[in-house]
Amino acid sequence: MSAEPPVRRRRSPALKLHDGDATQTRERILDAAFRRLVAEGYAALSVRGIARDAGVNHVLINFHILSKDQLVIEVLDAVNQRLLARQASMYAGTGGFAQKWASARRFYEEDLESGFVRLQAELWAASLSNAELREKFLPRLLAWKKLVLGPVREAVAALEADGGSLPAPFTPEVIACWISEFWLGMEFADLLGVKEEQSQHRAALDAVQWLLESLDARAGDKAAPAARTRARSKP
């Protein structure tokens, strides 16, 4: 049997899966599995190919990580935890809602380029016919949806504090659902290279940007008189 050729990489992932320098066997295995998943996909994932890229005997993968599904989940966790922390830190930081939306858009472009979006899509697709993988994958996907809900609640609360309101059906949960599902659909369209959809996606993202800029402006207009009052009251 001829040797399996090394994977041809279509991009160089900028993501770090761990804090080390990939000198440990387990870290090398995770790095190699990530590159293979991004370049070839879940269906073509080969333990022997991963071992060859990692420079280890394939038996060691079975020793360190018991199964293919466990391996891909560990790869996902290594990336997912870092990116969720990045996103949560951005939302908790200073800046207006529009600025944070712009940051989320920039993060998405980075994640698309690095291969993380492809990684999630591969595991989503594989989960459709793999119940055990689906059970592990879904909580990690839902963590992103939960993360979106918090900032949406803050934006709605800011609108209401300014005297505005949304019709009763438009709850933070509904809006967060729209955003999450739109983003997932956009990810698949971008991965498939649906060019005619990309301008519409940008227009939709720009529309939300405009709404958030308007909300920030209203909050700023309301805060300015209060700041002037405080300044005049100082001795």
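The following paragraphs examine the structure supplied in this document. (Residues numbered from 1 in each chain as written. Predicted model: local features only at pLDDT ≥ 70, side-chain atom pairs only at ≥ 80, totals over all residues. Heavy atoms only, no water.)

Below, the discussion takes up the packing of helix α7 (residues 131-161) against helix α8 (residues 172-192). At their nearest, the axes of α7 and α8 sit 8 Å apart, and the two run at 130° to each other. As the angle between them shows, α7 and α8 are arranged oblique. Read as a crossing pair, α7 and α8 show a hand that is right-handed. On α8, the residues touching L141, K145, V148, L149, V152, R153 and V156 of α7 are P172, E173, I175, A176, I179, S180, E181 and L184. Its residues placed into classes, the contact of α7 with α8 shows ten nonpolar, one polar and four charged. (Axes fitted to C-alpha atoms, helices over the stretch in contact; angles between N-to-C directions. Helix = DSSP H or I, 4+ residues; strand = E, 2+ residues; numbered from the N terminus. Parallel < 35°, antiparallel > 145°, perpendicular 65-115°, else oblique. Left-handed = near helix turned anticlockwise from the far one by under 90°. Contact = heavy atoms within 4.5 Å. Nonpolar A, V, L, I, M, F, W, Y, C, P; charged D, E, K, R; others polar.)

Moving on to the environment of A189. For A189, the location among the structural elements is in helix α8. Here the alpha-carbon distance between A189 and H201, two residues twelve residues apart in the chain, equals 9.6 Å. The residues touching A189, leaving out its near neighbours within four places in the chain, are V194 and H201.

On the surface, a cluster of nonpolar side chains totalling about 300 Å² of accessible area is made up of L166, F170 and W178. Structurally, F170 can be placed in the loop between α7 and α8. Overall, F170 belongs to the partly exposed group, its relative accessible area being 35%. (Patch = residues over 30% accessible without salt bridge, like charges linked within 9 Å, V, L, I, M, F, W, Y side chains within 5 Å. Areas by Shrake-Rupley, 256 points an atom, 1.4 Å probe, with all protein chains shown as cover. Salt bridge = Lys/Arg side-chain N within 4 Å of Asp/Glu carboxyl O. Buried < 20%, exposed > 50% of the residue type's maximum accessible area, 1.4 Å probe, protein only.)

This part is about the packing of helix α5 (residues 97-114) against α8. Where α5 meets α8, the axes come as close as 12 Å, and the angle between the chain directions of the two elements is 35°. Between α5 and α8 lies a crossing of right-handed hand. Between α5 and α8, the residues in contact are W101, A104, R105, Y108 and L112 and I179, W183, M186, E187, D190 and L191, respectively. Among the residues forming the contact of α5 with α8, the class breakdown is eight nonpolar, no polar and three charged.

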